[in-house]
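Structural overview
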Amino acid sequence: MYSAHTVICGAGILGLTIARELIKSGCDDIIIFDKEPELGRHASGRNSGVLHAGIYYDPGTLKAKMCLEGNRRMQAYCEENALPLFKSGKVIVTRSEAELDTLDELKRRARANGGIIETLDEKQLAEVEPNAKTVRRALYSPKTAVVAPKDILKAIQRELEHSGKVRFFFDTRFTGAGENQVQTSQGTIQYELFINAAGAYSDRVAQAFGVGKNYRLLPFKGIYRKLKQPAADKINGSIYPVPNIKNPFLGVHFTRSVHGDVYVGPTAIPAFGRENYGLLKGIDTEFLSILLRDARMFVANKKFRNIALDEPRKYFFKHFFSDAAQLVKYLTPNDFLPCDKVGIRPQLVDIRSHELVMDFVIKRHVNTVHILNSISPAFTSSMYFAELVVNDFINNK
């Protein structure tokens, strides 16, 4: 049997940054356990690396509160630790006159959230992103940046290990909960405080403690493609479409990485497993229950129904290309390379209302804290997110 003052389930970006904040507040005995053999196997290591700048999120939400300050702290951390950082900026372009009202709403939200945002006409847009096209006007976010997520995870892991206050247990799967202890595949771990930062499995872990019974996670698959030269050279930073702000997905977009590669994606295709990275790979015994959740959402929720009807078409290159081509002036099917980059977005659903949950969810229960719906911009927000979790849900209780 093992024991620690604080036990954290999940060694993703939130598990690591929460441990970091706990040490700052005086905690000196932490175990972080994860079912994988190393960091970054899932969302924290598979995301686009974009640090968002507070544009999309409704003022007053946790996402709006955390994103911009999280961006600032993450950029500072990369600079202090000589980690890759590309201050790329981002443009958001319109594909039709009908999107102009949403573009204006994004500008309002960004400014309400304290963000820096500029309106560009077509001539000004051409100076920032010569290949981007828009209808009448676009938005420019100079504070958007791109990082290397796995490099950040490894740097924080080293920092925690060097503190002498954190032990990592890898290849250790959560199997159940008891009073002041959790059962794992490596044995029982006792705790005074338990933190659920299990990402795509956070709903299962929470429900083992009787928390969040009205929530379930639905996985959405994000596939990418890459641009080859000379098409890649025509993209300076990031080019995004105006999204449907009633849904939590941002649409297929162009992103230049810290290493100079240009990725196009991701999609938001309903997946059939929490690790369904391939066409069939990652489909497990939960397949039928996920399919049933999808079916119920399809019937009850028009927004989900539109996603479920539209997104799977993007498995086919013709439809993927059509989405991407709306954002730029020059693009041909021959400009693309195959890409093995793929991620899963574990989207929280309220099964009572059949609605996609738009904000982060944090639940305190006795001496446990559960982080649910830790989706974008969770990586961007993580350093400030962790501070608020520690201050508002741990130290103030």
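As recorded in an unreviewed UniProt entry, the protein goes by Aminobutyraldehyde dehydrogenase and comes from Pseudodesulfovibrio sediminis. Under Cofactor (unreviewed entry), UniProt gives the following word-for-word description of the protein: "FAD".

1. A closer look at the packing of aromatic side chains
Considering all chains together, one arrives at 16 aromatic pairs under this definition. The interplanar angle of 75° and the centroid separation of 6.1 Å between the aromatic rings of Phe-220 and Phe-304 together place this pair among those described as edge-to-face. Here the residue Phe-220 occupies a position in strand 13 (residues 215-223), and Phe-304 occupies one in helix 9 (residues 302-310), the gap between them amounting to 84 residues. As far as burial versus exposure is concerned, Phe-220 and Phe-304 are alike and both buried. Connected via pairs of aromatic rings, a cluster forms that spans Phe-174, Tyr-191, Phe-194 and Phe-209. The ring of Tyr-240 is capped by Lys-90, whose NZ or CZ atom sits 4.1 Å from the centre of that ring.

2. A short note on the UniProt feature "domain: FAD dependent oxidoreductase" (unreviewed entry) in the protein
The residues that UniProt annotates with the feature "domain: FAD dependent oxidoreductase" (unreviewed entry) are residues 6-390. In the segment residues 6-390, helix accounts for 32% and strand for 26%; the C-alpha atoms at its two ends are 12 Å apart.

3. Some details on a nonpolar patch on the surface
Nonpolar side chains collect at one region of the surface, where Leu-279, Leu-280, Ile-283, Tyr-315 and Phe-316 lie side by side and expose about 540 Å² of accessible area between them. Along the chain, Ile-283 turns up in the loop between strand 18 (269-270) and helix 8 (287-300). A residue is classified by how much of its surface remains accessible, and Ile-283, at 30% relative accessible area, is partly exposed.

4. Let's talk about the sheet that holds strand 4 (residues 85-86)
In spatial order, the strands read 3-8-4; together these 3 strands make up an open sheet with antiparallel pairing. Edge strands, defined here as strands with exactly one partner in the open sheet, are strand 3 (50-51) and strand 4.

5. Things to note about the packing of helix 8 against helix 9
One way to put it is that helix 8 packs onto helix 9 with a least axis distance of 6 Å and a crossing angle of 115°. Our pair here, helix 8 against helix 9, has a crossing hand that is left-handed. Contacts between helix 8 and helix 9 involve Asp-294, Met-297, Phe-298, Val-299 and Ala-300 from the former and Lys-302, Phe-304, Arg-305, Ala-308 and Leu-309 from the latter.

Conventions and cut-offs
- Throughout, a residue's number is its position along its own chain's written sequence, starting from 1.
- At least 70 in pLDDT is required for a residue's local features to be given in this predicted model, at least 80 for side-chain atom pairs to be given and counted, and no such filter applies to totals for whole chains, interfaces and linings, which use all residues.
- Based on all heavy atoms of the structure, the side-chain values leave hydrogens and waters out of the count.
- UniProt positions are given in the numbering used here, feature names are shortened, and annotations may be inferred rather than shown by experiment.
- To pair, rings of Phe, Tyr and Trp, with the six-membered ring standing in for Trp, must have centres within 6.5 Å; the planes then decide the type, stacked if under 30 degrees apart, edge-to-face if over 60, and tilted in the middle.
- For helices the rule is a DSSP run of H or I covering at least 4 residues; for strands it is a run of E covering at least 2, with both sets numbered from the N terminus onward.
- The buried label goes to any residue with under 20% of its type's maximum accessible area, the exposed label to any with over 50%, and the partly exposed label to all in between, with areas taken from a 1.4 Å probe on protein chains only.
- Lysine and arginine charges are scored as sitting over a ring when NZ or CZ, respectively, is within 6 Å of the ring centre and within 35 degrees of the ring normal.
- Candidate patch residues must exceed 30% relative accessible area and have no salt bridge, after which like charges are joined if within 9 Å and Val, Leu, Ile, Met, Phe, Trp or Tyr side chains if within 5 Å.
- Accessible surface is estimated by sampling points in the Shrake-Rupley manner with a 1.4 Å probe; for residues, cover comes only from the protein chains shown.
- We count a salt bridge whenever a side-chain nitrogen from Lys or Arg sits within 4 Å of a carboxyl oxygen from Asp or Glu.
- When DSSP locates at least two bridges between a pair of strands, those strands are taken to pair.
- Axis definition: a line fitted to C-alpha atoms, limited for helices to the stretch in contact. Angles are taken between N-to-C directions and run from 0 to 180 degrees.
- A clockwise turn of the near helix away from the far one marks a right-handed crossing, whereas an anticlockwise turn of less than a right angle marks a left-handed crossing.
- Two residues qualify as a contact provided that any one of their heavy atoms is within 4.5 Å of a heavy atom in the partner residue.

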